[in-house]
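Okay, here's what each chain looks like letter by letter:
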Amino acid sequence: MIGWLQGAVAERWQQGHRCGLLLCCQGVGYEVQLTRRHWERLPVEGAVLTLHIHQSIREDGWTLFGFGGRQERDLFRLLVAVSGVGPQLALALLGAHPPEELVRAIVQADLRKLCQAPGVGKRTAERLAVELRGKLAESDGGAAALAGGAFGLDDAGVDGGTTPLAATRDEVQITLEALGYAPLEINRALHAVGRGGLEPAEGPDAWLRESLRWLAQQAA
């Protein structure tokens, strides 16, 4: 598997919404797809370029996707693991937002920001938040570090926020689910309340009251 390439920029190319370059490495030219944001900032032809590579192997051929850093490539791999998110949609997400902004949008369930990427609808944005939020919010190990020390998020996975203690969270979640709220709505409410200054040690009644107030404001 190809994981890293260094060579000279031979030419840039664009085919519809797809864009990339031909990278010449010791007499071999590799066609590599890039995010549009990366493609627009490519150096001049002949310049030496280093790329971290994700290699996709399918029956109809091999495709190389290139990224300026390992963390961005690892985030791409997390994105394509989500149901309904293929390589082109993952490139669109990374092309629309820098990696640190994209991670924040996912862990904060910022559906509006996620939907700014071409081809990303509300349902896809919800799947991204539901399936990746927990992985990205972990603060240690592998690609999960993307949401922790690598991009300046706290252990809760939200910039500057707090979450209730486990027992309180469970009780609040059960109550809100009984009232008909979806898990994604509940997560967003709890983090919003935490950002508002409610202490983690406050009891279930306080967290439930503030969560319901926030949910009512969103529905207004």
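Residues numbered from 1 in each chain as written. Predicted model: local features only at pLDDT ≥ 70, side-chain atom pairs only at ≥ 80, totals over all residues. Heavy atoms only, no water.

(A) Seen up close, the pairing of strand β2 (residues 18-25). By the bridge criterion, 7 bridges tie strand β1 (residues 4-15) to β2 in an arrangement that is antiparallel. Its bridge partner lying in β2, Arg 12 is registered against Leu 21. What sits between the antiparallel neighbours β1 and β2 is a turn of 2 residues, in which Gly 16 has the positive phi angle 65°. As defined by bridge partners, β2 adjoins strand β3 (residues 28-34) across 7 bridges and the pair is classed as antiparallel. The partner of Gly 20 across the bridge, within β3, is Gln 33. Hairpin remark: β2 followed by β3, antiparallel, with 2 residues in the connecting loop; positive phi at Gln 26, about 50°. (Pairing = 2+ DSSP bridges. Helix = DSSP H or I, 4+ residues; strand = E, 2+ residues; numbered from the N terminus.)

(B) Highlighting unusual backbone geometry. Although it is not a glycine, Gln 26 adopts a positive phi angle of roughly 50°. Note that Gln 26 resides in the loop between β2 and β3. Residue classification places Gln 26 among the exposed residues on the basis of a relative accessible area of 84%. Look at Ala 109: it is not a glycine, yet its phi comes out positive at around 55°. Among the structural elements, Ala 109 can be located in the loop between α4 (99-107) and α5 (111-114). (Buried < 20%, exposed > 50% of the residue type's maximum accessible area, 1.4 Å probe, protein only.)

(C) Fine view of the nonpolar core. Ranked by size, the top nonpolar core spans 29 residues in total, and within it Leu 79, Leu 93, Leu 102, Leu 114, Leu 132 and Leu 136 carry the most contacts. Elements supplying a minimum of two residues to this core: β5 (61-67), α2 (70-80), α3 (87-96), α4, α5 and α6 (122-137). (Core = buried A, V, L, I, M, F, W, Y, C linked by side-chain atoms within 4.5 Å.)

(D) Here's a closer look at the side chain of Ser 211. Note that Ser 211 resides in helix α9 (residues 204-219). For Ser 211, the residues in contact, after removing those within four places along its chain, are Val 172, Leu 176, Ala 189, Leu 190 and Val 193. (Contact = heavy atoms within 4.5 Å.)

(E) Up close: the sheet that holds β5. If you trace the 5 strands once around the closed barrel, you get β1-β2-β3-β5-β4, paired in mixed fashion. Strand-to-strand twist of the sheet, defined as the mean angle between neighbouring strand axes without regard to direction, takes the value 50°. Relative to the sheet, α2 contacts β4 (48-58) and β5, its axis offset from that of β4 by approximately 20°. Along the sheet, α3 makes contact with β2, β3 and β5, crossing β5 at roughly 10°. (Axes fitted to C-alpha atoms, helices over the stretch in contact; angles between N-to-C directions.)

(F) Fine view of the packing of aromatic side chains. Using the criterion set out here, one finds 2 aromatic pairs in the structure. Measuring from centroid to centroid gives 5.3 Å for Phe 65 and Phe 76, while their planes differ by 35°, and the two rings are tilted. Here Phe 76 lies in helix α2 and Phe 65 lies in strand β5, a separation of 11 residues in the sequence. Judged by its relative accessible area of 2%, Phe 65 is buried. Residue classification places Phe 76 among the buried residues on the basis of a relative accessible area of 1%. (Phe/Tyr/Trp six-rings, centres within 6.5 Å; stacked < 30°, edge-to-face > 60°.)

(G) Here's a closer look at the environment of Gly 3. Within the secondary structure, Gly 3 sits in the segment before β1. By relative accessible area, which is 28% here, Gly 3 ends up partly exposed. Separated by 51 residues in the primary sequence, Gly 3 and His 54 place their C-alpha atoms 6.1 Å from one another. With near-sequence residues (within four places) excluded, Gly 3 lies in contact with Leu 51, His 52, Ile 53 and Arg 73.

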